[in-house]
Amino acid sequence: MSGSAPLCIRPPRAADAAPAPLDMGGGGIAVRQTHLERDGRPWFPVMGEYHFSRDRPENWRAELAKMRAGGVSVVATYALWILHEEVRGEVRFDGPRDLRRFVDTAREVGLDVVLRVGPWAHGETRNGGFPDWVQALPIAHRTDDPAYLELVRGWFAALAGELRGLAWGDPIVGVQVDNELYDQPGHLATLRRMAEEAGIGAPLWTATGWGGAQLPARAVLPVYAGYSDGFWEEAETGWPAFGRTHFAFSAMRDDLTVGADVRAGLGAATARDSAAGPEPDPWPFATCELGGGMTVAYHRRPLVDPEDVAALAVAKLGSGSAWQGFYMFHGGRHPIGRTTTQESQATGYPNDVPVTDYDFFAPIGSEGQLRPHFHALRAQHLALAQYGADLAPLPAVIPADPRLRASLRGDDRGGWLFLGNHQPAAEPLPGVPGAQVRVELAAGAVTLPSRPVDLPAGATAWWPVRRVVGGIRLSATAQALTEVAGPDGPVVFLGATAGVPVELHVDAADARRVLGAAVRDRGADGAVALSPDAEPGPGCEVRIGETTFVVLDPASAAALWRGEVAGRDTAIVWEGSAWFDGGLHVVAPAADATLLAWPPLGDLPAEPGGSSVLARHAIAADPRAVTPIAAPRLSPVTAPVRAGGSAGRLSAPTDDDFAALAPARLEIPDDVFDGADRAILRLEWTGDAIRLTAGGALLADQFWSGRPLEVDLAPHRAAIARHGLEARAFAWDPSTRVHVDPRVRPRADAPVLEVTRAEVRSERIRVLR
């Protein structure tokens, strides 16, 4: 854009949103064409998927609290029929199947619930979640065949009985029937009616809308998907073309490729919908499967980066999303019952996925790990919790300008400006020289930045344009994150955009009392552009009237938390792992660290060096947090090459293949478990496929994709002490056709199998109040 005029956006006049033509609502929830409302106020849900049956019940409360601390307000979960009724007539809701306990726990930690009841679910589950006995019956599955509906009636009755006594809408705000059903709109309507007749009710009924799905009129709210890569693509595919669409601002909601490997008739759907092009839908743009990461199949193993997840989420916000839903937000493990439950070629699918591994590289891993995209997304979700009611009704205005990807969610009074200059490493976007946007408003134009800047490659932004932030009408080249009551008035936390100087544009009347900033420009609209005196960081404070703006650098913005500590609304800057549940639960770090808080934490003395708002607290290291162990010695044997399944794709090594390998023992010191809530074994390795066992029982497995293998050993302490821990693994075959990201794919002429680092990370929790 260097040397050219700013990109210009002219938003429409402000207008009220009409009701959506959907037969639902209730429980204080209403559906408008642009957004949802709750108790008469715009409501912007943030939904994260976490499958209760793919984790241990003793973990549920802490993991749900972590999700809540990450800004998730709704947990979505599958009730997988195959796990609850393996044997016909024996319906179980015990142990990890205890749906009622999970729902009650979600409510206790402050989460709403969307329940995905099937009967067919997919979720990389055998038979799509049908019990084997259902799958084997000579009936027309997933249709209105009376014989099939009679079975479904029993399943819905069992679910309704388990949830009897709950006030629908508290906490279950939505129900999804079936999943990825494209050509049976009448059947979806039947399933909703049957669920309601059984006693299952909710204010919202949803159905997956991607793939050109035909949905029953007025009966369900379509929810959409968006992934940066997909394990379901062919091994020969590089970065899939659909990925590009999800990093650009667009009116297109559908993605015809998700689940295409198991969907019949894709060609007809593609021709019909691509010819029609994007059309405005008379209901809000809602998502349920924004890729929180990506799982792997044997033949194809994507390597999604944390930055990809965060940038895709910003792209959807700028495209008009009024409901951010992530799949998965919390990883898990495929349960093993009478048999394994994962999707496989042996059970009619084109793909072999791991027997247990369903970590998904989610923001929260299967072992409770908080990953970088958990923190990046938390910053977005803090902003949605604070400003989502303002954002939700605003339409997206997306200029067709090749110079800069930009969008304004707003009207002629102002709004929120989104910039997106990130794509995955396979096709990164270059920097944009001379980036600048001019927004034409009724009260005059706002230009951000006031002088052109070079927007770096990979940068994303979400800036206010004449929005009331902390009582100040603000335009800024920084993201408004959240607001708390401070010692002398409102405190607003802002996050700087990498490579862009921070400017705060305020009305001239507000600029009369400013501390900590200098005047940069005076605009023709009467606004004053201020530049902070200090570099962004926890100590960068600008006082405008009674409001204090704390301008954080990008790393500190990703370390910002907000939650209740001992009954006090508290803002925290902490780069480690934590969650709120009465107090602040902190995982003791491996090295001494500093935590910043407002108000100060009562349990810890405040140290010198804090700002006027944030107090400094020292968090002592846990000297036993990381225990190196000897790496197992594995022989570089390659797996047999086979192909199978409905698409003739490469097949994973079998149980017999693994049994033929010589095991390597891992020596785990018993003291790693002492006082630890978790003891996570971490193996940094290169190879093909690996399994860990204790006494013949499979604890974990993984297809190598460049990521370490991580598994919590604490639940298996007794078995490890009795039998020992063993690893069996196959080497990377240099001639393989398996897709692994070129950034990590071994460049070797001989088989590769090595563990370069092995350690146990013991998590010991300290509760601060």
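As the structure is a prediction and not an experimental result, all values here were calculated from the model. (Residues numbered from 1 in each chain as written. Predicted model: local features only at pLDDT ≥ 70, side-chain atom pairs only at ≥ 80, totals over all residues. Heavy atoms only, no water.)

Further remarks concern the pattern of salt bridges. Under the criterion given, the structure shown has 50 salt bridges. Between aspartate 688 and arginine 301 there is a salt bridge, with the nearest N and O atoms lying 2.8 Å from each other. Within this pair, whereas aspartate 688 is found in the loop between strand 42 (678–686) and strand 43 (689–694), its partner arginine 301 is found in strand 12 (residues 300–301), the two being separated by 387 residues in sequence. Accessibility classification places aspartate 688 together with arginine 301 in one group, the buried group. A salt bridge links glutamate 503 to arginine 520; the nearest nitrogen and oxygen atoms lie 3.3 Å apart. On the criterion of sequence distance, the pair formed by glutamate 503 in the loop between strand 25 (490–496) and strand 26 (504–507) and arginine 520 in strand 28 (residues 517–522) is long-range, its members being 17 residues apart. In this structure glutamate 503 comes out as buried when scored by relative accessible area, which is 1%. Shared partners join several salt bridges into a network, and the residues in it are Asp359, Arg371, Arg682, Glu684 and Glu710. (Salt bridge = Lys/Arg side-chain N within 4 Å of Asp/Glu carboxyl O. Helix = DSSP H or I, 4+ residues; strand = E, 2+ residues; numbered from the N terminus. Buried < 20%, exposed > 50% of the residue type's maximum accessible area, 1.4 Å probe, protein only.)

Residues separated by three or four positions in an α-helix point in the same direction, a consequence of the helix having 3.6 residues per turn. When the terminal C-alpha atoms of helix 5 (residues 146–162) are compared, their 24 Å separation across 17 residues agrees well with the 24 Å that a helix rising 1.5 Å per residue should span. The complete set of buried residues in helix 5 reads Tyr148, Leu149, Leu151, Val152, Trp155, Phe156, Ala158, Leu159, Ala160 and Glu162. Sitting at the head of helix 5, aspartate 145 places a side-chain oxygen 3.0 Å from the backbone nitrogen of alanine 147. (Expected span 1.5 Å × (residues − 1). Polar contact = N/O pair within 3.5 Å; in protein donor to acceptor, adjacent residues only side chain to side chain.)

Our next topic: the packing of helix 5 against helix 6 (residues 185–198). Between two packed helices, the angle of one axis relative to the other and the distance separating the axes together describe the packing. Where helix 5 contacts helix 6, the axes come no closer than 9 Å and their chain directions differ by 40°. With respect to helix 6, the element helix 5 is oriented oblique. As for the relative orientation of helix 5 and helix 6, their crossing is right-handed in sense. On the side of helix 5, the interface is formed by Tyr148, Leu149, Val152, Arg153, Phe156, Ala157 and Ala160, while helix 6 contributes His187, Thr190, Leu191, Met194, Ala195 and Ala198. Classifying every residue of the contact of helix 5 with helix 6 gives ten nonpolar, two polar and one charged. (Axes fitted to C-alpha atoms, helices over the stretch in contact; angles between N-to-C directions. Parallel < 35°, antiparallel > 145°, perpendicular 65-115°, else oblique. Left-handed = near helix turned anticlockwise from the far one by under 90°. Contact = heavy atoms within 4.5 Å. Nonpolar A, V, L, I, M, F, W, Y, C, P; charged D, E, K, R; others polar.)

Before going further, it helps to spend a moment on the pairing of strand 46 (residues 725–730). Strand direction decides the pairing type here: strand 41 (residues 664–666) and strand 46, joined by three bridges, are antiparallel. Bridged to arginine 665 within strand 46 is glutamate 726. The sheet contact formed by strand 43 and strand 46 spans five bridges and is antiparallel. Across the sheet, threonine 693 pairs through a bridge with glutamate 726, a residue of strand 46. (Pairing = 2+ DSSP bridges.)

By secondary structure assignment, the location of serine 228 is in the loop between strand 10 (221–226) and helix 7 (241–245). A sequence separation of 64 residues divides serine 228 from glycine 292, and the C-alpha atoms of the two residues are 9.4 Å apart. When near neighbours in sequence (up to four residues on either side) are disregarded, serine 228 contacts Trp239, Phe242, Gly243, Phe247, Val304, Asp308, Leu312 and Pro424.

Okay, the side chain of aspartate 229 next. Along the chain, aspartate 229 falls in the loop between strand 10 and helix 7. We classify aspartate 229 as buried; its relative accessible area is 11%. Polar side-chain contacts of aspartate 229 include one of 3.0 Å to the side chain of arginine 300. Those residues in contact with aspartate 229 that lie beyond four places of it in its chain are Trp239, Pro240, Phe242, Met294, Arg300, Pro302 and Val304.

How two aromatic rings sit relative to each other is set out by the distance from centre to centre and by the angle between their planes. Going through the model one piece at a time under the given rule, you end up with 25 aromatic pairs. Taken together, a centroid distance of 5.5 Å and an interplanar angle of 80° make the contact between tyrosine 227 and tryptophan 232 edge-to-face. A network of ring pairs unites the aromatic residues Trp81, Phe130, Trp133, Tyr148 and Trp155 as a single cluster. Taking the ring centre of tryptophan 43 as reference, the NZ or CZ of arginine 38 above it sits at 4.8 Å. Against the face of tyrosine 358 rests arginine 54, its NZ or CZ located 4.4 Å from the ring centre. (Phe/Tyr/Trp six-rings, centres within 6.5 Å; stacked < 30°, edge-to-face > 60°. Lys NZ or Arg CZ within 6 Å of the ring centre and 35° of its normal.)

In this section: the side chain of glutamate 759. Assignment of secondary structure puts glutamate 759 in strand 48 (residues 754–763). The class of glutamate 759 is buried, set by a relative accessible area of 2%. Among the polar contacts made by the side chain of glutamate 759, one reaches the side chain of arginine 761 at a distance of 2.7 Å. Contact partners of glutamate 759, with chain neighbours within four places excluded, come to Val626, Thr627, Pro628, Ile629, Ile680, Leu681 and Arg682.

Structurally, the position occupied by glycine 348 is in the loop between strand 14 (332–333) and strand 15 (357–358). Residue class for glycine 348 comes out exposed when judged on its relative accessible area of 55%. Taking the C-alpha atoms as reference, glycine 348 lies 6.3 Å from glycine 645; in sequence the two are 297 residues apart.

This part covers the sheet that holds strand 2 (residues 29–31). Here we have three strands laid out as an open sheet, ordered 2-3-4, and antiparallel in their pairing. In the strand order of this sheet, the two ends are held by strand 2 and strand 4 (41–43), each with one partner. When strand polarity is set aside, the average angle formed by the axes of neighbouring strands in this sheet is 40°. Bridge count between strand 3 (residues 36–38) and strand 4: three bridges; the pairing is antiparallel. By the bridge assignment for strand 4, arginine 38 is matched with arginine 41.

Overall, the coordinates contain six cavities of 30 Å³ or more when judged by the stated rule. By volume, the largest cavity amounts to about 130 Å³. His122, Glu124, Glu180, Tyr227 and Glu289 are, among the 15 residues lining the largest cavity, the residues nearest its centre. Along the walls of the second largest cavity sit Met47, Glu49, Ala76, Val114, Arg116, Gln176, Thr206, Val223, Cys288 and Trp323, which together make up its complete lining. By residue class, the composition of the lining of the second largest cavity is six nonpolar, two polar and two charged. (1 Å grid on protein atoms, 1.4 Å probe; cavity = no way out; pocket = protein on both sides within 12 Å on 5 of 7 lines; lining within 4 Å. Points joined across faces, edges and corners; volume = space filled by probe spheres on them.)

Such coordinate-based values are descriptive only and should not be taken to indicate function.
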